[in-house]
Amino acid sequence: MKKFLFIFFLLMACSCVQLELSPEDDTSDRTKISFRVNWGELEEASRPDSTFIALNNISEEIHYLFETDSEGDYLPDNHHDSSAFYGSYVMLAYYCDKDNYILSGTKNFLSDNAVSVRDFKARVKDLPEGELEEFKAGSKLDFNSAYRFIRTPGPVWAAFAKNVVSDTRENLFHFTMTPLQQTITFSIKLTPADGVSIHSVLAELSGVPASFSLLTGEVNEEDLARVFFKMNPSDGGFEGTVAVPAVLPSENNRLRTGPGILRLSIMAEKDGVSRILYPAVNIGDKIVELSLLETIPGTDRRRIARRQVRIELDEKLEINSDSFSGSGGDNGVTDWFDSGVIDVEV
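This section reports on the structure supplied with the text. (Residues numbered from 1 in each chain as written. Predicted model: local features only at pLDDT ≥ 70, side-chain atom pairs only at ≥ 80, totals over all residues. Heavy atoms only, no water.)

Secondary structure summary: the protein chain contains four helices and 25 strands in total. Burial status across the protein chain gives 49% buried among its 346 residues. Taking contacts inside the protein chain between residues at least 6 apart in sequence as the whole, the part at least 24 apart equals 69%. Summed over its atoms, the accessible surface of the protein chain is roughly 17,200 Å², and 47% of this surface lies on carbon and sulfur atoms. (Helix = DSSP H or I, 4+ residues; strand = E, 2+ residues; numbered from the N terminus. Buried < 20%, exposed > 50% of the residue type's maximum accessible area, 1.4 Å probe, protein only. Contact = heavy atoms within 4.5 Å. Areas by Shrake-Rupley, 256 points an atom, 1.4 Å probe, with all protein chains shown as cover.)

Next up, the structure:
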């Protein structure tokens, strides 16, 4: 018992990549472990250079954090014996691009046994001001200002397993990495009337959770944001694809602000006059109908249920002379700019 306590306190004091728990010649309580990492259909050229694998024993008193290459082999410059104490562990393999995400829970994992892999979370960084201004193209209008804009980076990859480090069999653990991201393609029927040309269409999607759990994929519904993405001409309209941690539906399908709103920024021209039109579509019903989210078993929290989805918007929008008059219905000139561009909310 004294020997175990001595080893345990050594574990808590260590801050290296993998905890050295006892002298190398003492292997009575531990064994070698190894990993294999499967990236599915992700091309080899797109795989990261390294993967982190965190082990958290069930009692949460022993922690390990290994760094491997993309296949799960230990990096040659990591000087450790690649072993672990016998027992049951929660294991989490992950990769996160720190240029676009902020990780929490990982920093103190080795030094604080109160921190577990359940605390590992990623948060998408805000869209830089310069990129935001480029998207806005000089427009000062903001119809959903309660939400900040975030980046649309590649996904965080993760794999979770419960395994036993055994003293009677080979300890080779396999992980199949999954992207914690939902890729959504939007298609909308958008047609210009005679004499009207559409120069560009930019989409703004709101109600995007900016932070989520690496272990369970649970999204933080209190940390909502929005993203910009471009739409391109397609048969009978425009299409655009965006990848996000998730998107939440609106509480009321009549709302035009809040979560679950797709607002377009349409640069159109007629008779030499250019205007930016801002139609908004509530996609709450589509999010529910297509089961984009699922409830995590045993909780009331949610995560993405589908990795890829296509949303065909039923609304048909025609850009005609009325769109330029600013009269009647929900159309109206809401702001003027020195450039001669007029912003119209539709």
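The structure having been displayed, the exposition proceeds.
Turning next to the side chain of S265. Mapping S265 onto the fold places it in strand β18 (residues 261-270). Residue S265 is classed as buried on the basis of its relative accessible area, which comes to 18%. Among residues more than four places away in sequence, those in contact with S265 are S200, V201, L202, I276, L277 and Y278.

The subject of this paragraph is the pairing of strand β2 (residues 34-38). One face of the sheet, then the other: side chains in a regular strand alternate in exactly this way. What you see with β2 is a clean split: F35 and V37 sit on the buried side and S34, R36 and N38 on the side with no burial. Bridge count for β2 against strand β11 (residues 172-176) is five bridges, and the pairing is parallel. Residue pairing for β11: F35 is matched across the bridge by F173. (Pairing = 2+ DSSP bridges.)

Read across the sheet, five strands follow the order β4-β3-β6-β10-β12 without closing on themselves; strand pairing throughout is antiparallel. Each edge of the open sheet is held by one strand with a lone partner, namely β4 (63-69) and β12 (178-179). Sheet topology note: the strand β3 (residues 50-57)/β4 ladder contains seven bridges and is antiparallel. Bridge pairing in β4 links L55 to Y64.

Excluding glycine, a negative phi dihedral is what most residues carry, and trans is how most peptide bonds are arranged. Phi is positive for D271, close to 50°, though the residue is something other than glycine. Residue placement: D271 occurs in the loop between β18 and β19 (273-278). A residue is classified by how much of its surface remains accessible, and D271, at 65% relative accessible area, is exposed. Backbone geometry places S291, a non-glycine residue, at a positive phi of 55°. Residue placement: S291 occurs in the loop between α3 (284-289) and β21 (293-295).

Attention shifts here to the sheet that holds strand β8 (residues 121-124). Judged by pairing direction, the sheet is antiparallel, and its three strands sit side by side in the order β7-β8-β15 without closing on themselves. Taken across any chain shown, the strands that pair with only one partner, and hence form the sheet edges, are β7 (101-104) and β15 (211-213). When strand polarity is set aside, the average angle formed by the axes of neighbouring strands in this sheet is 20°. Here β7 pairs with β8 via four bridges, running antiparallel. Note that in β8 the partner of L103 across the bridge is A122. (Axes fitted to C-alpha atoms, helices over the stretch in contact; angles between N-to-C directions.)

Before going further, it helps to spend a moment on the pattern of salt bridges. Applying the stated rule across the entire model yields 13 salt bridges. Here D126 and R148 are joined by a salt bridge, their closest N and O atoms 2.7 Å apart. One end of the pair, D126, is in the loop between β8 and α2 (129-136); the other, R148, is in strand β9 (residues 148-149), and 22 residues separate them in sequence. You can call R148 partly exposed: its relative accessible area is 23%. Notably, a salt bridge pairs D314 with K286, separated by 3.5 Å at the nearest N-O pair. Here D314 is found in strand β23 (residues 308-319), whereas its partner K286 is found in helix α3, with 28 residues between them in sequence. Under the relative-accessibility criterion, D314 is labelled exposed at 56%. (Salt bridge = Lys/Arg side-chain N within 4 Å of Asp/Glu carboxyl O.)

Let us look at the packing of aromatic side chains. In total, this model carries 16 aromatic pairs according to the counting rule given. Aromatic pair F35 and F173: ring centres 6.4 Å apart, planes at 40°, arrangement tilted. One end of the pair, F35, is in strand β2; the other, F173, is in strand β11, and 138 residues separate them in sequence. Both residues of the pair, F35 and F173, count as buried. When the centroid spacing of 5.1 Å and the interplanar angle of 80° are considered together, the rings of F109 and F120 count as edge-to-face. With F109 in the loop between β7 and β8 and F120 in the loop between β7 and β8, this pair connects stretches of sequence that are eleven residues apart. When sorted by exposure, F109 lands in the same class as F120, which is buried. Each residue in the set F35, Y64, F66, Y74, Y89, F173 and F175 is aromatic and connected to the rest through ring pairs, giving one cluster. Taking the ring centre of F143 as reference, the NZ or CZ of R263 above it sits at 4.1 Å. (Phe/Tyr/Trp six-rings, centres within 6.5 Å; stacked < 30°, edge-to-face > 60°. Lys NZ or Arg CZ within 6 Å of the ring centre and 35° of its normal.)

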